[in-house]
Amino acid sequence: ERFVQTIRVELLDHFVCFGIDHLRYIIKIYVRFYNEFRPHQGRNNRTLLAAASCEEPATIPFTTGRIECQSELGGLLKHYYRVAA
């Protein structure tokens, strides 16, 4: 039930779907973002895929590379990452 509320509030409240194919497309993009990029507080702010690996989080050294933004669904979903120098 919590995931249904999350997908409704964070995604579906912002779109008018023009058919079942459009709905499937935006849900597919959101589920990929939710599992691969979105940090979850209940998992120590790790992604679900990283938390499922049961490995300790790697210590990431502070670097000074350029930060870029990857956006999906017209900018509704954003993921920031550091570009390798």
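Quick summary incoming for the structure in this document.

**Points about the overall build of the protein chain**
What the protein chain contains, in helices and strands, is 3 helices and 2 strands. Put simply, 30% of the contacts in the protein chain that link residues at least 6 apart link residues at least 24 apart. Per element, the accessible surface of the protein chain, about 6800 Å² overall, is 55% carbon and sulfur.

**Brief notes about unusual backbone geometry**
The phi dihedral of Leu-73 falls on the positive side, at around 50 degrees, and the residue is not glycine. Assignment of secondary structure puts Leu-73 in the loop between strand E1 (67-72) and strand E2 (77-82). A relative accessible area of 15% places Leu-73 in the buried class.

The rules behind the values
- One numbering rule holds for all chains: residues counted from 1, following each sequence as written.
- pLDDT decides what is reported in this predicted model: residues at 70 or higher carry local features, side-chain atom pairs at 80 or more are listed and counted, and totals for whole chains, interfaces and linings draw on all residues regardless.
- Side-chain measures were taken over the full set of non-hydrogen atoms in the model, leaving aside hydrogen atoms and water.
- Going along the chain from the N terminus, every DSSP run of H or I of four or more residues is numbered as a helix, and every run of E of two or more is numbered as a strand.
- Any two residues whose heavy atoms approach within 4.5 Å at even a single point are treated as in contact.
- Per-residue and other accessible areas were derived by the Shrake-Rupley procedure at a 1.4 Å probe size, with only the shown protein chains allowed to occlude residues.
- Burial classification: accessible surface area is computed with a 1.4 Å probe over protein chains only, and a residue below 20% of its type maximum counts as buried, one above 50% as exposed, and the rest as partly exposed.

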